[in-house]
Every structure is written in C-alpha cells, then in structure tokens.
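Listed below are the residues making up each chain.
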Protein chains: 2
Amino acid sequence: MDNLLVIEKLINSFQKLPGVGYKTAQRYAYKIIDMERADAEEFARQIIEVKDKVRYCEICGNFSEDVICPICKNQNRNHSIICVVKDPKDVVAFERVKDFDGVYHVLHGCISPLDNKGPDDIRIKELIDRIKDGSVTEVIMATNPDVEGEATAIYISKLLKPLMIKCTRIAQGISIGSDIEYADEITLSKALDQRVEL
Amino acid sequence: MDNLLVIEKLINSFQKLPGVGYKTAQRYAYKIIDMERADAEEFARQIIEVKDKVRYCEICGNFSEDVICPICKNQNRNHSIICVVKDPKDVVAFERVKDFDGVYHVLHGCISPLDNKGPDDIRIKELIDRIKDGSVTEVIMATNPDVEGEATAIYISKLLKPLMIKCTRIAQGISIGSDIEYADEITLSKALDQRVEL
C-alpha cells in the first residue's frame, strides 16, 4: 500500500478531527471509498460551505450564518437575561432543554492560567459592553463546574458587582438519574450546601 | 440554532461515517469550523480525489490508483503464494508485519447465509481464475477466525482440492501478550489442538 498516497492523505486529514486515531481514520476513509459519489461530493461541498458561511454572531459570539444569529435576532426572547457559556456547543445543550428563553453570550474559552489564557483572551470585554446599556437585568454564569469554569464565573461576577447587575450561577448538585452511591465528594458537598426547602 | 442549516447538514454527513453518532459528528463539524481554511479545502479535495482515483486492482481486488496495484506489479514478490483476505484493511494489517512477501486476494466479504451472501457474491471466481494458469503453489486462507471466515476458508479449500494446490489456514491460538486466564474456551481449545513441538 506504499504509494496509495491519495488514501493515506485522506486518512491523515481525518486524524485531525478530535479523538480520531489512525485506525478510526482508516475506517472513515474506506467508508468514503464505498460511498456513492454524490454523497462524497455533497460531503466535500458541505465542508467548504461551513467554512464559507459560518461565522460568529457579532452580539453573542455563537456560530451564525448572518452577522447576527437567530437567537439574538428573535424578539420573542427575553433579552434582559444573558446566559454565559464557554463554547457554542453549550448553547446547543441549553437550547435542547427549551426552558430558557433568554439570550446567550459565548466566551470561547475560560480563564486558565495554566494554558496562558487570561481574562483578555476570552470574550469578557464584549459581555461588559453588552451590559452597559442597562437593559440587562441578570447574567447567569453557565460555565462548566470545573476549576477554570468556576474561576471565570467568579471573575465575571466581581466585574458585574459595581454595575449592580444580578449575577447567578447554575445550580451544582447530584445529576438526575444518577446514583448517590457513586457521586464524588465535591458534588455531594455542593448538593448539601445548595439544598432547597421542600 | 434552528436555521444553522449548513452546520446541521455537515453534522448529518459526518454521521454517515461508521460508529459516529450526533455528539461526535457535532464535535467534528465544530473542528472543521475552527480549522484553517486551507486545511478544510484540502480535506474536501481529498474526499473527491479518493472517489476519483481509488479503484480496485484488477488482479487482487485491493484498493489501487492504477489498473494493477503496486503489490501485484512488484516482481520482487513471490507471486506463487496468495494470501486470501476478507477486506482491503486486512492487507494493510499483513503488510505492516513485513514478513509476508507473497501476493494477496481480497474477497470483499465472506460467505454469510444470514446476510444473504453466497459464494458468488464474493470474489471466489476471480481467485480460481488466477490459480488456473498453474503458477500458484499455495493459497493461505487468512479470513477472520469467526463463523463466516471459517466457512469461507473451508469452502475455498474444497474448491482448490481438485486443482492440487496446497491450501493453508493461518494459525489460531492465544494472542501474543495476552493472558491465558482471560482467553475464551474456543481459543484455548484451538491453541491446544494446534500445539507445536519445541
């Protein structure tokens, strides 16, 4: 298979996808060979199209095909509540719930000194600019419950204090459907701390 | 994210790859968005190129960019020994070993009555045609050690008997580096059956 350069090149490209090693990339490449030509063409076209058409929403930083994303454009949503998330995929997760009718702000990362990521490297300035006009009443910090996510939530909440804006954090506790027996100590401790009256 | 059709379409295409569900496809699509444009273009071009250039070798049935694949073309290899495998990826596995200097025959499947696959649905006729000129001395059956692979190996060996050609089967037994404690009974039984003198 030494000079099957075309397949090898495609396998290399597939390996650039997250979590894909040589074996998986090879399976993907062989699948492409077995595909209908039309499907493969469509696939190739979509890759280019995504690069061409998808950009970041100028308001919230989420993926968008227009200057402003559909969520920020939607006047039926509550624009006075902003849910702050780390990545665009977190927006997808919240939208799936369908309970939240506010808008989002995507930080594109969290503060992480170990990765040399400071407050200026994520979209915190843009968040403050959005809030300044006074129409926002609450900012919900929905970053991940890990060290970086917590640090980012606390940092932003301190910035918002002088602006007199309510800043909340999503509840942390035991997941629905999980087993208390297998929950880690930090989660159980949070679940106790944040217990609510019945 | 309702009308982000371009991303959704790409996610759908990624889901056509083997073993890729929605979540993984989404991660892949987001990776494409974050990629350099040149890398994405290269990726798209390779998908088309693979469809355009890769075909099956007319002799062995392996993937090839020419009418005849590099292995069948190579006159330094021993063309009198044919290793019969199920899929092109099995050729890659044997080539990695570097011990085998014979040639291959890719069946593109195994006999499997449950999947409605009979001897005429895989490249058995082509194998017999290759052998008929008398230059082949040995056929090594290297199909998988499962029901279909065994059935196919036995079927082909019976076809070859009247042609007076040596037909061998790759050894089955305990894998190198594995633990006898965890080996299944059939493997251990085969390992005992096929024991060799030290």
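For clarity, every value in this text was computed on a predicted model and none was experimentally measured. (Residues numbered from 1 in each chain as written. Chains lettered and ligands numbered in written order. Predicted model: local features only at pLDDT ≥ 70, side-chain atom pairs only at ≥ 80, totals over all residues. Heavy atoms only, no water.)

1. Some words on the relation of the copies chain B and chain A
Moving on, step 1. The transformation that overlays chain B on chain A combines an axial shift of 0.0 Å with a rotation of 180°, and the residual RMSD is 0.1 Å. Overall, the copies show the geometry of a two-fold rotation axis. If distances are taken from each C-alpha of chain B to the rotation axis, the shortest is found for Ala-44 of chain B, at 2.1 Å.
Moving on, step 2. When the interface residues of chain B are mapped onto chain A, 100% of them again fall at the interface, so both copies present the same face. (Least-squares fit on C-alpha atoms with pLDDT ≥ 70 in both. Contact = heavy atoms within 4.5 Å.)

2. A look at the interface of chain B and chain A
Moving on, step 1. Taken together, the contact between chain B and chain A spans 51 residues of the former and 52 residues of the latter.
Moving on, step 2. Taken together, the two surfaces of chain B and chain A that pack against each other cover about 5,300 Å², and 69% of this comes from carbon and sulfur.
Moving on, step 3. The tally of links between chain B and chain A comes to two salt bridges.
Moving on, step 4. With a shortest N-O distance of 2.2 Å, Arg-37 of chain A and Asp-52 of chain B are connected by a salt bridge.
Moving on, step 5. Mapped onto the side of chain B that touches chain A, the elements with two or more residues apiece are helix H1 (5-14), helix H2 (22-34), helix H3 (37-53), strand S2 (63-64), helix H4 (70-73) and helix H5 (88-97) of chain B.
Moving on, step 6. The element contributing the most residues to the side of chain B that touches chain A is H3 of chain B, with 14 residues.
Moving on, step 7. Split into classes, the residues belonging to the side of chain B that touches chain A amount to 29 nonpolar, seven polar and 15 charged. (Buried area = accessible area lost by both parts, 1.4 Å probe. Salt bridge = Lys/Arg side-chain N within 4 Å of Asp/Glu carboxyl O. Helix = DSSP H or I, 4+ residues; strand = E, 2+ residues; numbered from the N terminus. Nonpolar A, V, L, I, M, F, W, Y, C, P; charged D, E, K, R; others polar.)

3. Some words on the sheet that holds strand S3 (residues 81-85) of chain A
Whether parallel or antiparallel, the strands of a sheet pair through hydrogen bonds between backbone atoms.
Residue and element names in this part refer to chain A.
Moving on, step 1. A sheet is described by the order of its strands in space; here four strands give the open sequence S4-S3-S5-S6, paired in parallel fashion. Unpaired on one side and paired on the other, strand S4 (103-106) and strand S6 (166-169) mark the two borders of the sheet. Strand-to-strand twist across the sheet, computed as the mean angle between neighbouring axes with direction ignored, equals 25°.
Moving on, step 2. Note that S3 and strand S5 (residues 138-141) share four bridges and pair parallel. Bridge pairing links Ile-81 to Glu-138 in S5.
Moving on, step 3. Running at roughly 160° to S4, helix H5 (residues 88-97) makes contact with S3 and S4 of the sheet. (Pairing = 2+ DSSP bridges. Axes fitted to C-alpha atoms, helices over the stretch in contact; angles between N-to-C directions.)

4. Description of the domain arrangement of chain A
Moving on, step 1. Each assigned domain of chain A is listed with its residue range as follows: domain 1 (5-53) and domain 2 (75-197).
Moving on, step 2. One C-alpha centre belongs to domain 1 of chain A, the other to domain 2 of chain A; they are set 35 Å apart. (Domains from an automatic or database assignment.)

5. Examining the packing of aromatic side chains
We describe a pair of aromatic rings using the distance from one ring centre to the other and the angle between the two ring planes.
All names here are of chain A.
Moving on, step 1. According to the stated counting rule, one finds 13 aromatic pairs over all chains in the structure shown.
Moving on, step 2. On the basis of an interplanar angle of 70° and a centroid distance of 5.4 Å, the ring pair of Phe-14 and Tyr-28 is categorised as edge-to-face. Placement of Phe-14 in helix H1 (residues 5-14) and of Tyr-28 in helix H2 (residues 22-34) is noted, with a sequence separation of 14 residues between them.
Moving on, step 3. For Phe-14, a relative accessible area of 0% puts it in the buried group. (Phe/Tyr/Trp six-rings, centres within 6.5 Å; stacked < 30°, edge-to-face > 60°. Buried < 20%, exposed > 50% of the residue type's maximum accessible area, 1.4 Å probe, protein only.)

6. Description of the environment of Ser-135 of chain A
All names here are of chain A.
Moving on, step 1. Mapping Ser-135 onto the fold places it in the loop between helix H6 (124-131) and S5.
Moving on, step 2. Given the relative accessible area of 39%, Ser-135 is considered partly exposed.
Moving on, step 3. Separated by 56 residues in sequence, Ser-135 and His-79 have C-alpha atoms that sit 7.8 Å apart.

7. Things to note about the pattern of salt bridges
Moving on, step 1. Under the counting rule described, the total for this entry stands at 22 salt bridges over all chains.
Moving on, step 2. For Asp-66 of chain B, the salt bridge identified is with Lys-73 of chain B, shortest N-O distance 3.0 Å.
Moving on, step 3. On the basis of relative accessibility, which here comes to 39%, the residue Asp-66 of chain B falls in the partly exposed class.
Moving on, step 4. One continuous salt-bridge network, built from bridges that share partners, spans Glu-42, Arg-45, Glu-49 and Lys-53 of chain A.

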